Amino acid sequence: FSVALPTTGSAQICATLYVQVFSLFSGVVVPPNQIPDYLIWIYYISPQRWVQEGMITTQFNFILDPICVPFGTPYVINEAEECSNIPGKANTTFYAGEGNSIRFCCDAGQQGFSARDYVFDEFLGGPNGYKYEWRVWDFLYLFGLLLVVRMLGVVLSHNISYNKR
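Some words on the packing of helix α3 (residues 47-60) against helix α5 (residues 135-159)
Relative placement of two packed helices is described by the angle separating their axes and the distance separating the axes.
Part 1 of the reasoning: Put simply, α3 and α5 touch, their axes get as near as 9 Å, and they point 145° apart. In the packing of α3 onto α5, the handedness of the crossing is left-handed. When α3 is examined against α5, the residues Pro47, Arg49, Trp50, Val51, Glu53, Gly54 and Thr58 are found in contact with a partner set consisting of Arg135, Trp137, Asp138, Tyr141, Leu142 and Leu145.
Part 2 of the reasoning: Classifying every residue of the contact of α3 with α5 by side-chain character gives seven nonpolar, two polar and four charged.

And the structure:
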């Protein structure tokens, strides 16, 4: 922005607006499954979305620990136990991970997930959600954007001059 605008104040205002809008539509503040269809294009051009997708998917893809949503601690049970026999525990969740099955109970009114399934399916999921398989596209988009912004900066700095002669 500093190359294209005549004053530092106007460049700061434009940069602040840019960061706020793209951060809002990056997929974490407003999850992608809640962004209206007519604004989804902002989500896809947001650089923050591609950075966060790469970081979040590589961090959560292999976390298979059981969690209870919206809050709570899972109570892991063995094959012989049932959640109905444990006071305050309502549902049994079976989770197959890393070659074994984990059975756990959550408090009444809560749902059980693995951390990975909650992040990718419930919170950041859906047809426009974050996907681990897209990590190469995350890198390519960001690298391509870097090249475009650098070239644009060079072209603008050679062709636009706000110096008064």
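Thoughts on the packing of aromatic side chains
Part 1 of the reasoning: If you walk through the whole model with that rule in mind, you get seven aromatic pairs.
Part 2 of the reasoning: Each ring, one from phenylalanine 139 and one from phenylalanine 143, has its centre 6.0 Å from the other, and the planes form 15°; the classification is stacked. Taken together, the positions of phenylalanine 139 and phenylalanine 143, both in helix α5 and four residues apart, correspond to about one turn of that helix.
Part 3 of the reasoning: On the basis of relative accessibility, which here comes to 42%, the residue phenylalanine 143 falls in the partly exposed class.
Part 4 of the reasoning: Taken together, Trp50, Trp134 and Tyr141 form an aromatic cluster joined through their ring pairs.
Part 5 of the reasoning: Here the guanidinium or amino end of arginine 49 rests over the ring plane of tryptophan 50, the centre of that ring lying 4.2 Å away.
Part 6 of the reasoning: It is lysine 131 that lies over the ring of tryptophan 134; its NZ or CZ is 5.2 Å from the centre.

A word on the side chain of asparagine 61
Part 1 of the reasoning: Mapped onto the elements of the fold, asparagine 61 is located in the loop between α3 and β1 (66-69).
Part 2 of the reasoning: In this structure asparagine 61 comes out as buried when scored by relative accessible area, which is 8%.
Part 3 of the reasoning: Of note is the side chain of asparagine 61, whose polar atom sits 3.0 Å from the side chain of arginine 116.
Part 4 of the reasoning: Residues contacting asparagine 61, with those up to four places away along its chain left out, are Arg116, Phe120 and Tyr132.

Some thoughts on a nonpolar patch on the surface
Part 1 of the reasoning: Taken together, the side chains of Val136, Trp137, Phe139, Leu140, Phe143, Leu146, Leu147, Val148 and Met151 present a nonpolar region at the surface, about 940 Å² in accessible area.
Part 2 of the reasoning: Mapped onto the secondary structure, leucine 147 falls in helix α5.

Description of the pattern of salt bridges
Part 1 of the reasoning: All told, the structure shown has two salt bridges when counted by the stated rule.
Part 2 of the reasoning: For glutamate 53, the salt bridge identified is with arginine 49, shortest N-O distance 2.8 Å. Residue glutamate 53 and its partner arginine 49 are located together in helix α3, separated by four residues, close to a single helical turn.
Part 3 of the reasoning: The class of glutamate 53 is buried, set by a relative accessible area of 0%.
Part 4 of the reasoning: Using a relative accessible area of 0% as the deciding quantity, one classes arginine 49 as buried.
Part 5 of the reasoning: Of the charged contacts in the structure, one is a salt bridge between aspartate 117 and arginine 116, with a shortest N-O distance of 3.7 Å.
Part 6 of the reasoning: On the accessibility criterion, aspartate 117 (23% relative accessible area) is partly exposed.

Definitions and limits used
Residues numbered from 1 in each chain as written. Predicted model: local features only at pLDDT ≥ 70, side-chain atom pairs only at ≥ 80, totals over all residues. Heavy atoms only, no water. Axes fitted to C-alpha atoms, helices over the stretch in contact; angles between N-to-C directions. Helix = DSSP H or I, 4+ residues; strand = E, 2+ residues; numbered from the N terminus. Left-handed = near helix turned anticlockwise from the far one by under 90°. Contact = heavy atoms within 4.5 Å. Nonpolar A, V, L, I, M, F, W, Y, C, P; charged D, E, K, R; others polar. Phe/Tyr/Trp six-rings, centres within 6.5 Å; stacked < 30°, edge-to-face > 60°. Buried < 20%, exposed > 50% of the residue type's maximum accessible area, 1.4 Å probe, protein only. Lys NZ or Arg CZ within 6 Å of the ring centre and 35° of its normal. Polar contact = N/O pair within 3.5 Å; in protein donor to acceptor, adjacent residues only side chain to side chain. Patch = residues over 30% accessible without salt bridge, like charges linked within 9 Å, V, L, I, M, F, W, Y side chains within 5 Å. Areas by Shrake-Rupley, 256 points an atom, 1.4 Å probe, with all protein chains shown as cover. Salt bridge = Lys/Arg side-chain N within 4 Å of Asp/Glu carboxyl O.

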